[in-house]
Amino acid sequence: MGSTFYSSLTKKYVMSLAGLFLMTFLFVHLAINLLLLFDDSRGLFNQVAHFMGTNPFIQTFQWVLFGGFIIHMIFGVILQIQNWMARPKRYKKKAVSEDNYFSKFMIHTGIVIGIFLVIHLTDFFLKKIGGTVPEIHHGNLAGMEDMGILVFEKFKMIGYVIFYVVALVILGFHLDHAFQSAFQSLGLNHKKYTPVIKWLSHFVAIVLAVGYISIPVCIYFFK
Ligand code: HEM
């Protein structure tokens, strides 16, 4: 019993650290993707994508990133199952914080993000690995992959744009609780700072969700 308790605390700890790490990736990934909106030639985006795709340090780091996603998802599922199994016996009430509505749906929003990620990686990352991305033929970027055109082609399809917007709203809901929850799991609770962390959590979720949503929407309507 005691060891189960401590091992689920360890899982929560690892999951929180992995989650915070994934959030830093989300900021970097968003900054790079936003280049598509500010440079119609897509040159800047393609150059950065090429750098990210060829730099040995970033290439190694990519596997750490995938590991982070996998650990976060596996531990999340295990903890949720343990929680479901324990609840009928030990809890009359729900064992989640009631002040955040989305805290009850972390597993559900998480599963949607997992499905989104599989589709997203199949459409972009695996195409690159498989060498099926169109090549740039002119100018000083000749010979590089045109990742930008791939994104533009996808976001000119209304069904695809709707799918992204829905998935990214759900990502926002997930992050809204995730950020504050990570601090709680790491034991960083303080009367004075917890409200600030909660506020920051809403802010981070809104910035990331709105930032990502702006890309398919702007490309579909204005590019
Ligand atoms: C409008 C939103 C997004 C766009 C336009 C976008 C675009 C891309 C592109 C073009 C790639 C391939 C990069 C390359 O290999 O050169 C990529 C990879 C990736 N994306 Fe996204 N992405 C978006 C949202 C997201 C979100 C919300 C997540 C996470 C929940 C995510 C996670 C990843 C991961 C893990 C990779 C593989 C690692 C990498 O190549 O950097 N993306 N994305």
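Preceding this section is the structure that the text describes.
None of these values were measured; they are calculated from a predicted model.

Engineer: Please clarify how the overall build of the protein chain should be interpreted in this entry.
Structural biologist: A count of helical and extended segments in the protein chain gives seven helices and zero strands. Each helix (α) and strand (β) of the protein chain, taken in turn from the N terminus, gives the series α-α-α-α-α-α-α. In terms of overall dimensions, the protein chain has a C-alpha envelope of 65 × 35 × 35 Å along the principal axes. Looking at the protein chain as a whole, 20% of its 223 residues are labelled buried. For the protein chain, the proportion of contacts with a sequence separation of at least 24, taken over those separated by at least 6, is 74%.

Engineer: What exactly am I supposed to notice about the environment of K12 here?
Structural biologist: Relative to the assigned elements, K12 resides in helix α1 (residues 2–38). Residues K12 and A182, 170 residues apart in the sequence, show an inter-C-alpha distance of 8.3 Å. Ignoring anything within four residues of it in the chain, the contact list for K12 reads L79 and S185.

Engineer: Help me understand the site of the ligand in this model?
Structural biologist: Surveying the vicinity of the ligand reveals 20 residues, the closest of which are N33, A49, F124, F125 and I215. For the shell around the ligand, the elements supplying multiple residues, two or more each, are α1, α2 (43–54), α4 (106–129), α5 (147–154), α6 (158–185) and α7 (194–222). Looking at the shell around the ligand, the element that brings in the most residues is α4, giving seven residues. Of the residues belonging to the shell around the ligand, the class tally is 14 nonpolar, five polar and one charged.

Engineer: Please explain unusual backbone geometry as it appears in this structure.
Structural biologist: Glycine aside, negative phi is the norm for most residues, and most peptide bonds take the trans geometry. Although it is not a glycine, R42 adopts a positive phi angle of roughly 65°. Within the secondary structure, R42 is located in the loop between α1 and α2.

Engineer: Any chance you could explain the packing of α4 against α6 here in plain terms?
Structural biologist: Any two packed helices are characterised by the angle at which their axes cross and by the distance between the axes. Between α4 and α6, the least distance of the axes is 9 Å, while the angle of their chain directions is 135°. Taken as axis vectors, α4 and α6 run oblique relative to one another. Crossing handedness for the pair α4 and α6: left-handed. Where α4 abuts α6, its residues M106, T109, G110, V112, I113 and F116 lie against A167, I170, L171, F173, H174 and H177. Taken together, the residues that form the contact of α4 with α6 break down as eight nonpolar, four polar and no charged.

Engineer: Is there a simple way to explain α7 in this structure?
Structural biologist: Three- or four-residue spacings in an α-helix give side chains the same orientation, since the helix completes a turn every 3.6 residues. Helix length check: α7 (29 residues) gives 41 Å between terminal C-alpha atoms against 42 Å at 1.5 Å per residue, within 8%. Approximately 25° is the largest bend angle found in α7, and it occurs at S214, with the proline P216 only one to four residues beyond. When α7 is considered as a whole, its buried residues turn out to be S201, A205, L208, A209, Y212 and P216.

Engineer: Mind showing me how you'd approach the packing of α6 against α7 here?
Structural biologist: At a closest axis distance of 8 Å, the pairing of α6 and α7 adopts a crossing angle of 165°. If you check the angle between α6 and α7, you find them roughly antiparallel. Note that α6 runs across α7; the crossing there is right-handed. For the contact of α6 with α7, a count of residues per class yields 22 nonpolar, four polar and two charged.

Conventions adopted
Residues numbered from 1 in each chain as written. Predicted model: local features only at pLDDT ≥ 70, side-chain atom pairs only at ≥ 80, totals over all residues. Helix = DSSP H or I, 4+ residues; strand = E, 2+ residues; numbered from the N terminus. Buried ≥ 20, exposed ≤ 12 C-beta atoms within 10 Å, placed from the backbone. Contact = placed C-beta atoms within 7 Å. Near = placed C-beta within 6 Å. Nonpolar A, V, L, I, M, F, W, Y, C, P; charged D, E, K, R; others polar. Axes fitted to C-alpha atoms, helices over the stretch in contact; angles between N-to-C directions. Parallel < 35°, antiparallel > 145°, perpendicular 65-115°, else oblique. Left-handed = near helix turned anticlockwise from the far one by under 90°. Expected span 1.5 Å × (residues − 1). Bend = angle between axes of the 7 residues up to and from the residue.

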